[in-house]
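# Observations on the model geometry
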Amino acid sequence: MPAIAAAVAFLSGAAPAQELQPQARPAPGARLPESLPPAPGAGPATLPDTRGPTFLYVNQERILTGSRRGQALLAEEDAARDALRNDARRIDAAFEEEERALNEKRREMDPAAFRKLADDFDRRVVEARRQQDERASALAAEFDQKRRQFYAAVGPALVGLMERRGGLAIFDESSVLLADTSINVTDEVIAEIDRLPPPQPAGKEQPTGAPAEAGPTE
């Protein structure tokens, strides 16, 4: 009979049954060892990786439009654009009125004298448009610089969030092809930005009691 059992076990791929031996019971109050020895041929035991994601991403545009500091910057830009447009409309209206008056005088003026006034008018119109274009370009460059300053000022919030989430890098959403939305930290970044102290206006006087810069000594 033992031979038959061994043959059945061999055909089924199982090891031959071993004769059961009585096992020693642990003494009352005994505890399991803190660690178990590895199985023969197994490598060192490893624990599951419980760290957070190493990469995060944000939507930079929404950081600007969703944070209070960014919304204030956008409102400032809109006000500057409106002022430039209103000034352009005022200049255009003045030139249109002058052009109508000049055309009314044309019938009564000498052609040479009229041509001189018309040439001067055209010159001033071209110069006014050139100045408006320069102002618009300067305003666009100012907006770009202020946005760069905005993103530089919120850098500490990004660094703090990255450290807390265990991230190694933060990417812009436009450069991410496919990712789990759980690593989109845009809302967290906006909350961090809104907790930052408001920026100090440029040229603000030094608070009373602050150390003054050292001057030349006698």
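Residues numbered from 1 in each chain as written. Predicted model: local features only at pLDDT ≥ 70, side-chain atom pairs only at ≥ 80, totals over all residues. Heavy atoms only, no water.

## Some words on the overall build of the chain
The condition is simple: Strands here mean DSSP runs of E at least two residues long; helices mean DSSP runs of H or I at least four residues long; both are numbered from the N terminus. Think of it in three bands: residues with accessible area under 20% of the maximum for their type are buried, residues over 50% are exposed, and the middle band is partly exposed, with areas taken using a 1.4 Å probe on protein chains only. Computed with the Shrake-Rupley method and a 1.4 Å probe, the accessible areas treat only the protein chains shown as cover for residues.
Helix and strand content of the chain: six helices and two strands. Starting at the N terminus, the α and β elements of the chain follow one another as α-β-α-α-α-α-β-α. Residues classed as buried in the chain amount to 19% of the 218 residues present. In the form shown here, the chain has an accessible surface area of approximately 17,700 Å², with 57% of it arising from carbon and sulfur atoms.

## Here's the deal with the environment of proline 156
Locating proline 156 in the fold gives a position in helix H5 (residues 155–164). In this structure proline 156 comes out as exposed when scored by relative accessible area, which is 55%. Taking the C-alpha atoms as reference, proline 156 lies 9.3 Å from glutamate 192; in sequence the two are 36 residues apart.

## Brief notes about the side chain of aspartate 172
Note the cut-off: N or O atoms within 3.5 Å of each other form a polar contact, as long as, within protein, one can give a hydrogen and the other can take it, and as long as residues adjacent in sequence are counted only when both atoms are side-chain atoms. Residue contacts are defined here by distance: any two heavy atoms, one from each residue, within 4.5 Å place the two residues in contact.
Here aspartate 172 shows up in strand S2 (residues 169–172). Looking at aspartate 172, its side chain comes within polar contact range of the side chain of serine 174, at 2.4 Å. Excluding residues that lie within four positions of it along the chain, aspartate 172 makes contacts with Val58, Asn59 and Gln60.

## As for the nonpolar core
Convention followed: Side-chain atoms within 4.5 Å link the members of a nonpolar core, which is a set of buried Ala, Val, Leu, Ile, Met, Phe, Trp, Tyr and Cys residues.
Residues Val58, Ile63, Leu64, Phe150, Val185, Val189 and Ile193 are the most contacted members of the largest nonpolar core, which totals 14 residues. Per element, the largest residue contribution to this core is three residues, and it comes from strand S1 (residues 55–58). Look past the residues within four positions of isoleucine 63 in its chain and what remains in contact with it is Val58, Phe150, Tyr151, Thr186, Val189, Ile190 and Ile193. Among the nonpolar cores identified, the runner-up in size contains eight residues, and Leu102, Phe114, Ala118 and Val125 belong to it.

## Notes on a negative patch on the surface
This is how the line gets drawn: In this scheme, patches are assembled from residues that exceed 30% relative accessible area and form no salt bridge. Like charges are connected within 9 Å, while nonpolar side chains (Val, Leu, Ile, Met, Phe, Trp, Tyr) are connected within 5 Å. Salt bridges are defined by distance alone: a side-chain nitrogen of Lys or Arg within 4 Å of a carboxyl oxygen of Asp or Glu. His is not counted here, nor are the chain ends, while Lys and Arg score as positive and Asp and Glu score as negative. Here the site of a charge means NZ on Lys, CZ on Arg, CG on Asp, or CD on Glu.
Taken together, the side chains of Asp92, Glu96, Glu99 and Asp122 present a region of like negative charge at the surface. Looking at the negative patch, the element that brings in the most residues is helix H3 (residues 68–106), giving three residues. Structurally, the position occupied by aspartate 92 is in helix H3.

## Comments concerning the side chain of glutamine 132
Positionally, glutamine 132 belongs in helix H4 (residues 111–153). A distance of 3.1 Å separates the side chain of glutamine 132 from the side chain of arginine 135, its partner in a polar contact. With sequence-adjacent residues up to four places away left out, glutamine 132 is seen in contact with Leu84, Asp87, Ala88 and Ile91.

## With respect to the packing of H3 against H4
The condition that has to hold: For every element, the axis is a line fit to its C-alpha atoms; helices are fit only across the contacting stretch, and the angle between N-to-C directions ranges from 0 to 180 degrees. For classification purposes, an angle smaller than 35 degrees is called roughly parallel, one larger than 145 roughly antiparallel, one from 65 to 115 roughly perpendicular, and anything else oblique. Residue classes follow a fixed rule: Ala, Val, Leu, Ile, Met, Phe, Trp, Tyr, Cys and Pro count as nonpolar, while Asp, Glu, Lys and Arg count as charged, and any other residue, Gly among them, counts as polar.
Contact geometry for H3 and H4: axes closest at 11 Å, N-to-C directions at 180°. Looking at the two axes, H3 sits roughly antiparallel to H4. A breakdown of the residues in the contact of H3 with H4 according to their chemical character gives 19 nonpolar, three polar and twelve charged.

## What to know about the environment of valine 185
Topologically, valine 185 is positioned in the loop between S2 and helix H6 (186–195). Valine 185 gets classed as buried once you look at its relative accessible area, which sits at 0%.

## Concerning the pattern of salt bridges
Per the stated rule, a full pass over the model turns up 21 salt bridges. Across the pair arginine 135 and aspartate 87 runs a salt bridge whose closest N-O atoms are separated by 2.3 Å. In this pair, arginine 135 is assigned in helix H4 and aspartate 87 in helix H3, connecting sequence segments 48 residues apart. Judged by its relative accessible area of 16%, aspartate 87 falls in the buried class. Note that arginine 130 and glutamate 127 form a salt bridge whose closest N and O atoms lie 2.4 Å from each other.

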